[in-house]
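Residue-level structure breakdown
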Amino acid sequence: MTVDSPQPRAVAPARPDDSVRAVLRSPRLLTREALAGIVTTLALVPEVISFSVIAGVDPMVSLVASVVLAVVMSLLGGRPAMVTAAAGSVALVIAPLVRTHGVEYVLPTVLLAGVVQIVFGTAGLARLMRFIPRSVMIGFVNALGILIFVAQVPHLIDVPWIVYPLFALTIAIVVLLPRFTTVVPAPLVAIVVVTVIVVAAGLTDVHTVGDEGPMGGGLPGLTPWLVPFSPETLGIILPTALSVAFVGLMETLLTAKLVDDITETPSHKGKESWALGVANIAAGAYGGIAGCAMIGQTVVNVKIGRARTRVSTLAAGLFLLLLVTGLSSVMARIPMVALAAVMMVVAITTVDWHSVRPSTLRRMPVPETLVMVVTVGVVVATNNLAIGVAVGVLLAMVLFARRIAHVIRVERTVEPATADGDSDSAGPGADGSARPRARVRYDVVGPLFFGSSNDLVEHFAYADDAAVAGDSAHSTTVLVDLSRASVWDASSVAALDSVETKFAAHGLPVEFVGFDERSGSFHGRLTGQLGG
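Structure report, in brief. (Residues numbered from 1 in each chain as written. Predicted model: local features only at pLDDT ≥ 70, side-chain atom pairs only at ≥ 80, totals over all residues. Heavy atoms only, no water.)

Describing the side chain of Thr-313
The condition that has to hold: Helix and strand definitions follow DSSP, with helices as H or I runs of at least four residues and strands as E runs of at least two, each counted in order from the N terminus. Polar contacts, as counted here, are pairs of nitrogen or oxygen atoms within 3.5 Å of one another; within protein the pair requires one atom able to donate a hydrogen and one able to accept it, and residues that are adjacent in sequence qualify only if both atoms are side-chain atoms.
Assignment of secondary structure puts Thr-313 in helix α12 (residues 310–325). Engagement of the side chain of Thr-313 in a polar contact is seen with the side chain of Ser-74, the distance being 2.8 Å.

Details of the pattern of salt bridges
Short version of the rule: Any Lys or Arg side-chain nitrogen located within 4 Å of an Asp or Glu carboxyl oxygen qualifies as a salt bridge. Relative accessibility decides the category of a residue: with a 1.4 Å probe and only protein chains considered, values under 20% of the type maximum give buried, values over 50% give exposed, and everything between is partly exposed.
In total, this model carries seven salt bridges according to the counting rule given. Asp-260 is the partner of Lys-269 in a salt bridge, and the nearest nitrogen-oxygen pair spans 2.6 Å. You can call Lys-269 buried: its relative accessible area is 19%. Note that Arg-441 is salt-bridged to Asp-481, the shortest N-O span being 2.5 Å. Highlighted residues: Arg-441 in strand β4 (residues 438–448) and Asp-481 in strand β5 (residues 476–487), separated in sequence by 40 residues. Exposure remark for Arg-441: the relative accessible area of 22% places this residue in the partly exposed category.

As for the layout of surface pockets
Put simply, the rule reads: Of the grid points, spaced at 1 Å and generated over the protein atoms alone, those admitting a 1.4 Å probe that cannot get out make up cavities, while open sets with protein on both sides within 12 Å along at least five of seven lines make up pockets; any residue with an atom within 4 Å of a point is treated as lining. Grid points are joined across faces, edges and corners, and a volume is the space filled by probe spheres set on the points. Classification convention: Asp, Glu, Lys, Arg as charged; Ala, Val, Leu, Ile, Met, Phe, Trp, Tyr, Cys, Pro as nonpolar; all other residues, Gly among them, as polar.
If you add up the space inside the largest pocket, you get close to 780 Å³. Together, 35 residues line the largest pocket, and Glu-47, Phe-51, Leu-147, Ile-148 and Ala-151 are the ones closest to its centre. Sorting the residues of the lining of the largest pocket by element identifies α2 (27–55), α4 (88–101), α6 (134–152), β2 (292–293), α11 (295–304) and α14 (336–350) as the ones contributing at least two each. Broken down by element, the lining of the largest pocket gets its largest block of residues, seven residues, from α6. Residue composition of the lining of the largest pocket, by class: 23 nonpolar, nine polar and three charged. A volume near 570 Å³ is recorded for the second largest pocket. In this structure, the second largest pocket is lined by 21 residues; those nearest its centre are Leu-128, Phe-131, Ile-132, Met-250 and Val-393. Of the residues assigned to the lining of the second largest pocket, the class counts are 20 nonpolar, one polar and no charged.

Here it is, written out as structure tokens:
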């Protein structure tokens, strides 16, 4: 008999529209969200331009695509306050295609990737994110902080000496201003102050956003389709499209989980997945390149800007549109040192410093620490968050399977024979009296699956149990109690069949008892059908 444990009541997440309405009704909250979006946009622009160079496309293509991605995800996405734009991980995947076949293959690749993401989201596959362990998430966050920090270092090397006082001033404003006021985001104040100083002083040798790529105003039209509809085209774009789709999904869903933790609010991962597909199709058609969640800019939005709703990301998209179309000359004059300083502060606050304290490392299990370190190492070595997370998850699975394979326990108890003629008697003896029957009992404790059940047969004392029977093996029965175990796969059923076969070879009958409903049904369906 099994008793179902009470299921916890699901807590319904707050409706996104409710928080949006609250922001629109409150000038203070609306100002906070709008300013957070503006700061995020300023942190977004140089990175998007840099990624366009990596991908081999025009910077304006990436900027316009980022506008489309930000606006569409603000309206459709399942994780409010998360920033989506043309991202470096996607640029790294697309770059080889552009170099080998040309930029005209980017559009069909992005459209196909969007379709894959829509299918992924609507099929509910985003639930697979629950299998990413905490140690991998911590490694992901720490590696993110390292990558963000390292990416800013080139802006401080081989530069005029005046850059360093500007850098120090930016850091001072970002760190100290929140102690006096939080009405205006400190990074926005720092960027404006440093920009004014550079422009007013005529510091033309200070590197600016405009030096990263052309900042011409205006919007492009729809992206033209320039490749043939053919199986050859599909063969060219399919591998890259799948990579774009799954790298984008992985970074987006990991970022969504990170924002969930920071804001202590839930998100709809399935909705976020298919919305990303829709946004990428739109960005491909009007812009020309795909994107995904921008992790560093999202941290800026929710940690520094304290944004909590989709109003902030919509403001970011609209402000970026304004910069691209009407204020491109202003955007081009923002010093890179100011943006680099802001992102370095973000990087430092992103790292989970508690996870690397010696006291924490001493308490943590070695496999957990190993998974975190490997995740960080692979991400930093490959400069690819998706690869690092994939390796971390695989290592965590291997270590978990190895650990759980040794948690099963088999307890043997010999119940002495009785001669009182009870139901355990083995039938009449030679003199007509009831022949006593001894019983050997095994209690199996722990989960039975392919990793733990392979050596299950070694936990039973077949010869010793036969010896208990004495001269008549039929006077002993073997009872295997599985009430504290669960049967999870065919390997476990095959192991139990092997146990039964080995006892039968010694002339001992075996009775398996205590199955829960699922395990009993599974065992009953497969036992004796697995071919030895």
